[in-house]
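# Results of the structural survey
Here is how the chains run, residue by residue.
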Amino acid sequence: MKQILCALLCTSLLFIANPAPVTAAESIAYELIAERTHKPTLFTQGLLVHGDHFYESSGLYNQSLLVSYPIAEPASTWAKISAPFTKKQTIPERYFAEGLALLGDKLYLLTWQEQTLLIYDKTTLNYQNSIAYKGEGWGLTEDGRQLIRSDGSDALYFHSPDDFRITKTIKVSDAGRPISQLNELEFAGGFIWANIWYQDRIIKIDPATGDVMGEMDLSELKQKLELNNSEQVLNGIAWDEKQQAFWITGKLWPKMFLIRISQ
């Protein structure tokens, strides 16, 4: 479902099955405060900020990567385009890399259908360990104690970082209506922020109840880009503590945007 094969047909069917959402959640206003380049070769699955670096997971079979690179960019256009990653780790070709989270000194990387959590060292990006789990892996974040996983349904799963056992499950709903296709996740300000696959919006979720507390419509932001591939969907949320704002990007996007909630 998430591969590029038969993309046009799959996308058409998806939009028929998922018409424009009718929501009860409060609209969250934001302002665009900065932008920077993003490697358009990255099929973004997970994105986070730590210190002065981004950490990002890029998907697809035979192409999956785990990378880190500075938030600050060089001055010249050519240097921005050609700048190498600070660190790069190739993921074994049998895995389709998905969501990414940092807890302590470990990076936790989901795989889509391989039911395997991959664990890497934060500093070197060297592989450390793997843990088996049941179900699909889509998005991943952490609340400082537990890892939180999405699988494309309306459920969010809380996992122990030690053995990845499920400690709690919540169902996400907007005024009682289940919200599925939950994908990339970020935890900030005491809430879970979730991208919805193939939609240009991010929702704010109460981690105790699963209730949707608000949503950001990012369709205007996406229109700033000249996208020509149906797979170039919004999928990247990273909280920048220093800036008190979110970095936003998408799969194969040439740019990243820094937005600050304005209410």
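One structure accompanies this document, and this report is about it. All values reported here derive from a predicted model rather than from experimental measurement.

What counts and how
- Residues numbered from 1 in each chain as written.
- Predicted model: local features only at pLDDT ≥ 70, side-chain atom pairs only at ≥ 80, totals over all residues.
- Heavy atoms only, no water.
- Helix = DSSP H or I, 4+ residues; strand = E, 2+ residues; numbered from the N terminus.
- Rg over C-alpha atoms; globule rule 2.2 N^0.38 Å.
- Contact = heavy atoms within 4.5 Å.
- Areas by Shrake-Rupley, 256 points an atom, 1.4 Å probe, with all protein chains shown as cover.
- Lys, Arg positive; Asp, Glu negative; His and termini not counted.
- Charge placed at Lys NZ, Arg CZ, Asp CG, Glu CD.
- Buried < 20%, exposed > 50% of the residue type's maximum accessible area, 1.4 Å probe, protein only.
- Pairing = 2+ DSSP bridges.
- Axes fitted to C-alpha atoms, helices over the stretch in contact; angles between N-to-C directions.
- Polar contact = N/O pair within 3.5 Å; in protein donor to acceptor, adjacent residues only side chain to side chain.

### Some details on the overall build of the protein
Each helix and strand counted, the protein has 3 helices and 22 strands in total. In terms of C-alpha radius of gyration, the protein reaches 17 Å, essentially the compact-globule figure of 18 Å for 263 residues. The contacts in the protein between residues at least 6 apart in sequence include a share of 52% that link residues at least 24 apart. Summing over all exposed atoms, the protein offers an accessible surface of approximately 12000 Å²; the carbon and sulfur share of this is 52%. Charge-centre separation for the protein: the mean point of 24 positive side chains lies 3 Å from the mean point of 31 negative side chains.

### Side note on the environment of Ala-34
Mapped onto the fold, Ala-34 is located in strand β1 (residues 30–37). We classify Ala-34 as partly exposed; its relative accessible area is 29%. Look past the residues within four positions of Ala-34 in its chain and what remains in contact with it is Met-256, Phe-257 and Leu-258.

### A few points about the sheet that holds strand β3 (residues 53–58)
Reading across the sheet, the 4 strands line up as β2-β3-β4-β5 and stay open at both edges, with antiparallel pairing between neighbours. Each edge of the open sheet carries a strand with a single partner, namely β2 (44–50) and β5 (87–90). Neighbour-to-neighbour, the strand axes of the sheet open up by a mean angle of 15 degrees, direction not taken into account.

### Description of the side chain of Ser-64
Locating Ser-64 in the fold gives a position in the loop between β3 and β4 (65–70). Polar side-chain contacts of Ser-64 include one of 2.7 Å to the backbone oxygen of Leu-60. Of note is the side chain of Ser-64, whose polar atom sits 3.4 Å from the backbone oxygen of Tyr-95.

### Notes on the pairing of β3
With 6 of 6 residues buried, β3 is to be regarded as a mostly interior element. With burial as the criterion, each face of β3 is covered, one bearing His-53, Tyr-55 and Ser-57 and the other bearing Phe-54, Glu-56 and Ser-58. Hairpin geometry of β2 and β3 is characterised by an intervening segment of 2 residues between the two adjacent antiparallel strands and by a positive phi of about 60 degrees at Gly-51. Taken together, the 6 bridges between β3 and β4 define a ladder with antiparallel strand orientation. By the bridge assignment, His-53 is partnered in β4 with Pro-70.

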